[in-house]
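A closer look at the structure
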Amino acid sequence: MTCFALLLACQQEKATLDSPPKFEIQKNPVNSPQYTYADSVALKTSMAAFQLEPGLQIDLIAADPLVADPSAFAFDEKGILYVAENTGYPDPMDGKKPDTLGKISRLVDSDGDGKYDQRSVFVEGLTYPNGIMAWKGGVFVTCAPHIYYFKDTTGDGKADIQEIVLTGFNANRTAQIRTSHPTLGLDGWIYVTSGLNGGEVYSPAHPERKPVSFNGADGRFNPETLEFQLRGGKSQFGLAFDAFGRRYGSSNRHPLQHIVMEPDQLSNNPNLLFNKTIEDVAPAEAEGFVYPISKSITTADYIPKLMGLSHQGTFTSACGTLIFESEGLHEAHKGNAFICEPAQNLVQRQSIKENGATFISERVHEDWEFLSSSDSWFNPVFLSHGPKGAMYLADMYRKVIDHPSYVPEETRGALDFESGKGKGKIYRITRDNLEYNKVETVFPTSSAASMDMLITALSSDDEWERNTAFRLILEKMPQEAIAPLKEMVLSDAIIEGKVKAIWLLHHFDGLDDKMLTTIYDDNVPIIREQIIAIIALKPNISEQLASSLIKGATDTNPRVRYMTALTFGGDKKKEWLPYLAKIAQEDASDPWTRAAVMTALNGQEISFLNILEAEKKQVTFSQLPMWSELGELIGSSVSAKELTGLIDSSINSEWDNPTFSLLLGLLKGSERHVKGSEKTYLDAYTKSKEQLDALVQETTKRASSAEDSLTSRIQATALLSYFSPGETEASLKELISPNNPPEIQLAAIQSLGNLNSVEAGEILIETTAWKAYTPKTKGAVIATMVSRPILRNQLLMAIEESKINPAEISSSTRLSLMKASDSKVRSRAEDLFKELESGGRMKVYEEHKRVLDIKGNAANGEGIFKLNCATCHTYAGEGGDVGPDLSGINNQPALALLLHTIVPNYEVFPGYQAITVTTHEGKQVTGRIAAESANSLSLRTAYGTEENILRTQIKSIQNPGLSLMPNGLEQNMTDQEMADLLAYLKGAQ
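What this report covers is the structure whose coordinates are included nearby. Being a predicted model, the structure only gives us computed values, none of them experimental. (Residues numbered from 1 in each chain as written. Predicted model: local features only at pLDDT ≥ 70, side-chain atom pairs only at ≥ 80, totals over all residues. Heavy atoms only, no water.)

1. Examining empty space enclosed by the protein
- Following the criterion strictly, the structure yields 4 cavities of 30 Å³ or more and no others.
- In this structure, the largest cavity occupies an estimated 700 Å³ of space.
- Mapped by element, the contributors of at least two residues to the lining of the largest cavity are β3 (70-75), β7 (131-135), β11 (180-184), β17 (239-241), β21 (319-323), β26 (380-385) and α6 (463-476).
- The element contributing the most residues to the lining of the largest cavity is α6, with 6 residues.
- Taken together, the residues of the lining of the largest cavity break down into 19 nonpolar, 10 polar and 4 charged.
- When residues of the lining of the largest cavity are assigned to domains, at least three map to each of domain 1 (53-438) and domain 2 (460-578). (1 Å grid on protein atoms, 1.4 Å probe; cavity = no way out; pocket = protein on both sides within 12 Å on 5 of 7 lines; lining within 4 Å. Points joined across faces, edges and corners; volume = space filled by probe spheres on them. Helix = DSSP H or I, 4+ residues; strand = E, 2+ residues; numbered from the N terminus. Nonpolar A, V, L, I, M, F, W, Y, C, P; charged D, E, K, R; others polar. Domains from an automatic or database assignment.)

Written out as structure tokens, the structure is:
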């Protein structure tokens, strides 16, 4: 199909599907010639409940009793279907021994019609199996704490080889959050999700290896050596590769995340603060809309603790992600993401497009879904490619799919977690004119695959066939495959197949430097991306391969440039610097590519700066963050003498935008050298007093200028904190006034905090200013004052003098002050906060039940929410992202809302627990972990700010397991206002 024809087809499909569709009733036969279900009527009723995207059909290929509780499945090359049956789910909550009802079933399609008619139990006695992958005639199975390998060597349909290949994955939390989704990558490793959990993983076959300790990071293992490694990403129950090896994950509220960077790449530069590995490709949380047609209420609707995990109308249980790459649907479906949402009985389709180094996606259909059901028992949990280019779906058919742990004890009895055990279905989705038996394919096949068959399958339009051929060649590594693979790579074969052939040649060590450069020069960006990735694995890069990297630095494709920068980071030759500079200048607005460039500069930052300085006149506003980040790297890594020279040079040079950005970064980086509480100001770096005075005036002018760019103003405001106390406080006081943009106000607050002077503290808590703060700016002020010893004293004094209400301080912050190492701070905090933290919150809750008898005004409640809650929580599309978003919380009873407003520590979801970090300089920050790497971590505070801290700066970390939300919120409002708030939370949609 030509590009024009494809574009036209996509446009015509979108025009058709965006209008209200007419759904065809799905009434294909449920029985097959070889198998008749006892209750065909019920199965047909379930089929008729579907609304499927027009132009497609859905067929039942297996149902109970042939299959039960399918949580995942895998086809082997013969078409045998291995199913992980999670019948024991949900696991017991009361500490009882786990059930062992889990099985691996083996289903056979005896007549080749695509419907399964024979069942055998391959393995039984498992706890909660949730992932499966075919390998060398057997299967790997994830079933925490283990990953097993099972194989039948006798031909009786039962596994006689039953080995634990890896163990140590945590199984101490619910079966919903455990390692899963074993998936083969192009690099020959098998990737697994963390399940948002951790562990101490090791192979029993290799006791000489140290366990790999991790907490929430995804991983991979080598199927031959059983080595386990940590990878980027924090996926729950969803992991998928596209046809080109890009890896995606998902979690309940985050339907599609691209894993952009790996931990070892971040660690190439130990001074780098950047610590993220994932990008939300799809709209998430309150923006991740779904359109169910069932009347189900998610069990999260019963969870008062969530103030954020119950969100009907948005993703609550995103899982089973698939990037569809086959021909069994329509052309426009290729490359799209499909995401299961079992709690609301649907599957969503999203289109993906490039966005710099990463991707962005959007729902294809405006207000309806790819697949949805009016049957609330329909629980799609897993999607996969399979035979004949089709999409396959596992339906873990249950009355309630969620786990009782996420429902308050007092409401668990109202829900039936048992009904549906032993039931389940597996479906096949294709275009409506596809005749399964007439589709000619290499696989499934009952005979051993010849080399010609494997190469043909590798060139197929069917991703399952390509993956099967890739796996079989990788399993056996036959030397006779090298010649046809090389021929395929140099031909005009389908690009998806060429990618797999290139990686297979890499595994055979069949790609010499000449061939790598030939492939790079003669191909499209996707192929060039693969060659750069393979070059990155080389221990030494030859001159010939260097030529490809040099071309990659100026490639027209941003992902190729990004991959090139990462590859430079693994090699660290000085001759790469000019090409890194080209990438940096081209992609300075992309934070991922900036980070990739910075990873490559370990020890070469000043040389890199000298290259950039030569073209400084051409710098745009979008490039300024790069100059600041570079300055921070330099400031943290060079000697004190070098740093003084660089800062002095900047002060005495022409003050253009890059110089301002660089100077700010140098000063930020210099703070990492500080071990005590003393701060070094600009006058310590130069003897030019006259020039320094002029710089104060110029910086103040830039910060105050409404005509200047916001980026420039923010940086100038930040720079004001590095002049000696007494010089800039008055200017910063002006900048925190409400007539300035909020970004400037927040930057000014941060700068006053960095000055850490008594005068700065007085400005921040001055009564008139305090009353004028918005919730977000007030939160930033509190966070700033708590973090600095001098300002902390002033804050406590203001509370003692009743200028500030103790309830305005979050519970986690109050407790950290009450446990401070400074005995004076600890004593004062105990006196101020003991009533709020005395443990009598349930009594306060009981007293405030009177509020439930007061008629609330939702319109007034909206203002109360914005004043007291919006800094941290999103509701009705507005608010912050510090705490869980509250979309859909209107389904919860008012009693539950009141309980968790007054007693926020009643139940705390682990991802929102507060930790307190104390640095060597005495700074103290409390917040939840937003991101972390081997080098640093990011904390999001209760006041909406984010703090990045290098691990080398950390003196101690404390995690009391508490919420960031403050106790005593009721002290800030009357009973009527509390009733109004509850009415708003119950009423807004």
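Back to the write-up after that little detour.
2. Focus: unusual backbone geometry
- With an omega of 15 degrees, the peptide bond between Ala144 and Pro145 qualifies as cis.
- Relative to the helices and strands, Pro145 resides in the loop between β8 (138-143) and β9 (146-151).
- Pro444 follows Phe443 through a cis peptide bond whose omega is 5 degrees.
- With respect to the helices and strands, Pro444 occurs in the loop between β28 (425-431) and α5 (451-458).
- Here the phi dihedral of Met477 falls at roughly 50 degrees; this positive angle occurs in a residue that is not glycine.
- For Met477, the position within the fold is in the loop between α6 and α7 (482-489).

3. Some thoughts on the packing of helix α30 (residues 858-868) against helix α32 (residues 975-987)
- With their axes 7 Å apart at the nearest point, α30 and α32 run at an angle of 100 degrees to one another. With respect to their mutual orientation, α30 and α32 come out roughly perpendicular. On α32, the residues touching Ala858, Asn860, Gly861, Glu862, Ile864 and Phe865 of α30 are Glu977, Asp980, Leu981, Ala983, Tyr984 and Leu985.
- A class-by-class count of the residues in the contact of α30 with α32 yields 7 nonpolar, 2 polar and 3 charged. (Axes fitted to C-alpha atoms, helices over the stretch in contact; angles between N-to-C directions. Parallel < 35°, antiparallel > 145°, perpendicular 65-115°, else oblique. Contact = heavy atoms within 4.5 Å.)

4. Some remarks on the sheet that holds strand β15 (residues 219-221)
- Read from one edge of the open sheet, 4 strands run β11-β12-β15-β16, paired in antiparallel fashion. Across the chains shown, the open sheet's two edge strands, defined by having one partner strand only, are β11 and β16 (228-230). Averaged over all neighbouring strand pairs, the angle between strand axes comes to 25 degrees, with direction disregarded.
- Pairing of β15 with β16 involves 3 bridges; the strand directions are antiparallel. (Pairing = 2+ DSSP bridges.)

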